[in-house]
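# Coordinates in review
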Amino acid sequence: MTDAERASDHAGVPDAFARLWTPHRMVYVGGQDKPEDDGEAACPFCTAPGREDAESLIVHRGVTGYVVLNLYPYNPGHVLVCPYRHVADLTELTDAERDEVGALTAAAMRVLRDVSAPHGFNLGMNQGPAAGAGIAGHLHQHVVPRWGGDANFFPIIAGTKALPQVLGETRDLIAASWAGSVAR
Ligand SMILES: [Zn+2]
């Protein structure tokens, strides 16, 4: 992290994640990856598990679902809990999938508290394009860490908020903490 900037050098509430200026990663926050349709072949939540964790920004793999860093984060550490199956609606999940979405959400909260001590969380899923789902064909539960006053800098809005930070570094921190929390 030789060219990393410290979070404390920036306006806002300091957190555990340093920020970097990485133009090559801006493709991740510019929306270019958003698929035009919701087919499984073009679905980022279907293709991500087929790649290495570090490449896909996956922080944990469960039995029926996994947890991935959001490419369009509202806040540092914003993760998504997804079933492996390409399923759009909560009512279409099996009981096991629904249970694990809940369990992984709670585990993500514990891990993020360990990593960056947020003051609170926003949890939830947008069901359908009319409700604001960016990738409506594949259910994903948002887990957004919040700090007091962060809305001044990272508004929770329907659009996307680009953060010039190293998503890979953030993934490494969260994945390592998650692995440690399972071990202890
Ligand atoms: Zn999918």
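The following refers to the structure shown. (Residues numbered from 1 in each chain as written. Predicted model: local features only at pLDDT ≥ 70, side-chain atom pairs only at ≥ 80, totals over all residues.)

## A word on the environment of His 140
Tracing the sequence through the fold places His 140 in the loop between β4 (120-124) and β5 (141-146). When neighbours within four sequence positions are excluded, His 140 is seen to be in contact with Phe 45, Leu 80, Val 81, Cys 82, Met 125 and Ile 135. (Helix = DSSP H or I, 4+ residues; strand = E, 2+ residues; numbered from the N terminus. Contact = placed C-beta atoms within 7 Å.)

## Overview of the pairing of strand β2 (residues 65-69)
The element β2 is largely enclosed, with a buried count of 5 among its 5 residues. In terms of strand pairing, strand β1 (residues 58-61) meets β2 through 3 bridges, oriented antiparallel. Across the sheet, residue Ile 58 finds its bridge partner in β2, namely Val 68. Counting the residues that bridge the hairpin from β1 to β2 gives 3 residues. Two strands pair when backbone bridges link them, and β2 and strand β3 (residues 79-83) are joined in this way by 5 bridges, in the antiparallel orientation. (Buried ≥ 20, exposed ≤ 12 C-beta atoms within 10 Å, placed from the backbone. Pairing = 2+ DSSP bridges.)

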